[in-house]
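Now for the letters of each chain:
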Amino acid sequence: MACSLLCPDRLGGSEPTPLATDLGSEQRFDPERALLSIGGCPRGRAGIYVRQPSGYRAFIPQSLPPGNPPIELTLERSRLLSDATLALGRLDAAAQLIPNPDLFIGMYVNREAVLSSQIEGTRASLADLLVFQVEGQSEYPVEAAEVINHVSAMNHGLSRLADLPLSLNLICEIHRVLLSGVRGQNREPGQFRRTQNWIGPAAGCTLAQATFVPPPPQKLMEHLTNLENFMHDETCPPLIRAGLAHAQFETIHPFLDGNGRIGRLLITFMLFQERVLHRPLLYLSYFLKSNRAEYYDRLQAVRLPGHWEEWLDFFLRGVAETSTESWRTVRAILDLQQKHRELLQTRKVSGNVVRVHELLWRYPIVTIPYLQRELKLTYAGVNRIVLRLVELGILQESTGNRRNRRFADDDYLSLFADVPNDPDETSSGADRQEDLPLGPRRPKRA
Ligand SMILES: Nc1ncnc2c1ncn2[C@@H]1O[C@H](COP(=O)(O)OP(=O)(O)O)[C@@H](O)[C@H]1O
Ligand SMILES: [Mg+2]
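Residues numbered from 1 in each chain as written. Chains lettered and ligands numbered in written order. Predicted model: local features only at pLDDT ≥ 70, side-chain atom pairs only at ≥ 80, totals over all residues.

Attention now goes to the environment of L281. In this fold, L281 is placed in the loop between α10 (259-273) and α11 (285-290). Considering only alpha carbons, one finds L281 and E112, 169 residues apart in sequence, at a separation of 9.5 Å. Apart from the residues within four sequence positions on either side, L281 is in contact with L91, A95, I105, Y108 and S326. (Helix = DSSP H or I, 4+ residues; strand = E, 2+ residues; numbered from the N terminus. Contact = placed C-beta atoms within 7 Å.)

All right, on to unusual backbone geometry then. The step from L64 to P65 runs through a cis peptide bond, and the omega angle for that step is -5°. Tracing the chain through its elements places P65 in the loop between β5 (57-61) and β6 (71-72). The peptide bond linking G200 to P201 adopts the cis configuration, its omega dihedral lying at 5°. With respect to the helices, strands and loops of the structure, P201 is situated in the loop between β7 (197-198) and α8 (220-231). Although it is not a glycine, E188 sits at a positive phi angle of roughly 55°. Its place among the elements puts E188 in the loop between α7 (168-179) and β7. Phi angles above zero are rare outside glycine, and R275 is one such case at about 60°. Along the chain, R275 falls in the loop between α10 and α11.

For the protein chain, mean pLDDT is 85; residues scoring 70 or higher make up 84% of the total. Contacts for the low-pLDDT stretch residues 426-430, under 50 throughout, to residues beyond four places or in other chains number 18 contacts. Across residues 434-446, confidence stays below pLDDT 50; counting only partners more than four residues off in sequence or on other chains, it has 29 contacts. (pLDDT = per-residue confidence, 0-100.)

Our next topic: the sheet that holds strand β9 (residues 396-397). Here three strands make up an open sheet; going across it, the order is β8-β10-β9 and the pairing antiparallel. Since the sheet does not close on itself, it has two edges, and those belong to β8 (365-366) and β9, each with one partner. Judged from the two bridges that link them, β8 and strand β10 (residues 407-408) form a sheet pairing that is antiparallel. What sits directly across from V366, in β10, is F407. (Pairing = 2+ DSSP bridges.)

Structure below.
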């Protein structure tokens, strides 16, 4: 399968390529085709709605890559692609030059897990997750546990990808880790759905009110197999491939729950597998959460009007902005590391203070019992170390309590800002499934 891109003039090779304007005029002058087009794209470009035997209509996507017409690569879109590629390359190169990036990559993974879960309505913050990681407590324990699962799912996927290609089996494996033991347990962890589901407009809506009805369960494997093949289609530039694959995955919505989170993980996994990124440092959830309404609208517009290009523009803009932002963060972390290390050197601190300080890049919120366990030291010993770091201005006590104190490296934490939650953020209403109350057109159980 080859990925075809429609290149307007000057971008093409020696073969004459169809021009964007040619395509436009073809559509303008062919009355029959004009009748069949929606928003400038031939009807059914991304798929069509098909009435199911029990009366409701489900969306049947076209296979990837889009072929009728192929993705239009205008000069402007080529620039977006090259900006995104350059920004990502700069981030990747920076990460490769750092002596020990794994120290802080854990924080990137944490932050992505928090933001990706927040897109789906989880309230646990990065601080909740960090506290939960060291002491198992949080204002939102179930949600924090869910975010920890997300971290495990990401790490599991990344380690498996060292020896295995990205496949449907691996996606199921990662899904099992994501939904294990928490609220998703009755949502069939690790299994593609066997029932019909639907999306929005609000939580609890019926199938009859749905904004979008993904393909019926009996069609899933066909669409998923095409997607799996497409994920390895080397004729398509990796960033375009990742963008198309994410949108198609959300359209197929193959799981009862977790589609948004797994779909976003797929982006990282695809780029990692292609060695576009050697370290998992690009996470789009900050961008997607900051532009959540546009994210959903663009996904939705891929389906019926077939606006693949607009989705790709949005996606590429996200990659460029996020890569640049992550690159700045990497540099800020390096500056902070250097500042702290110089301080520790000039103050001639003990080896144990240095050990705790190194641990903070991975766990920037700590408690005395946690450090006792980690370092196998006495309470008094750890207390002395922590107070030394407080005195040096590296740690701050964050509870104001005399007991059960927590200490945070605020300068470091401030480099991983949260996106404020949208005040009228209603859940996307995604992941409804047949066993919820239905409207008049209730489908039969598969
Ligand atoms: N029209 C749409 N409205 C809302 N979400 C959509 C739409 N189309 C696709 N989605 C995707 O569905 C995801 C939510 O699906 P869901 O299975 O609940 O994922 P998760 O459990 O990770 O929350 C969103 O994050 C988004 O990626
Ligand atoms: Mg969900």
